[in-house]
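Residues per chain are reported as follows:
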Amino acid sequence: NRTLTEDEEKRLKKRDNARMEKWIAMLPDLERLIEKDDSLLKNRIRKGIPDSLRGTVWPKLLKGINAQNRKTYDFEAMKQMESKDDYQISLDVPRTFPDNQYFGEKNSTWQRYSLPS
């Protein structure tokens, strides 16, 4: 891992702040954007939901998905469910986020608590 230069850090901080401002501006319309399956929302999700907003955004996203599917889900029950994709996720997440303290190491905390054993 190399250390970022001061300019790189400034650029990343500026990008993160801009991303945060966009998400904050979008929050009041989030349910409507979910209902209409908005491409802007999808793109922003792919780029990443800011850490400080995940607790607000994810429940709304799940609620919107549930409404679209006309199903109800219990988050705690869903965490215990197994998926055919669990193994692939356990491989992909650390590779996608190698520098993230929660995702980078095999047998890290996220893997122990995020995926069924």
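Residues numbered from 1 in each chain as written. Predicted model: local features only at pLDDT ≥ 70, side-chain atom pairs only at ≥ 80, totals over all residues. Heavy atoms only, no water.

(A) Structural context of the overall build of the protein chain. Along its length, the protein chain carries seven helices and zero strands. Its helices and strands taken in sequence order, the protein chain reads α-α-α-α-α-α-α from the N to the C terminus. Counting contacts in the protein chain only where the partners sit at least 6 residues apart, residues at least 24 apart contribute 48% of the total. Of the accessible surface of the protein chain, which amounts to about 9,600 Å², a share of 51% is contributed by carbon and sulfur atoms. (Helix = DSSP H or I, 4+ residues; strand = E, 2+ residues; numbered from the N terminus. Contact = heavy atoms within 4.5 Å. Areas by Shrake-Rupley, 256 points an atom, 1.4 Å probe, with all protein chains shown as cover.)

(B) A look at the pattern of salt bridges. Scanning all chains against the criterion turns up seven salt bridges. The shortest N-O distance in the salt bridge between R15 and D16 comes to 3.0 Å. Judged by its relative accessible area of 41%, R15 falls in the partly exposed class. Across the salt bridge formed by K84 and D85, the nearest N and O atoms sit 3.4 Å from each other. We classify K84 as exposed; its relative accessible area is 77%. (Salt bridge = Lys/Arg side-chain N within 4 Å of Asp/Glu carboxyl O. Buried < 20%, exposed > 50% of the residue type's maximum accessible area, 1.4 Å probe, protein only.)

(C) A look at the nonpolar core. Within the largest apolar cluster, 11 residues are counted, these being W23, M26, L27, L30, L33, I34, L41, I49, L53, V57 and L61. Among the secondary structure elements, those contributing two or more residues to this core are α1 (6–26), α2 (30–35) and α4 (54–69). Per element, the largest residue contribution to this core is three residues, and it comes from α2. (Core = buried A, V, L, I, M, F, W, Y, C linked by side-chain atoms within 4.5 Å.)

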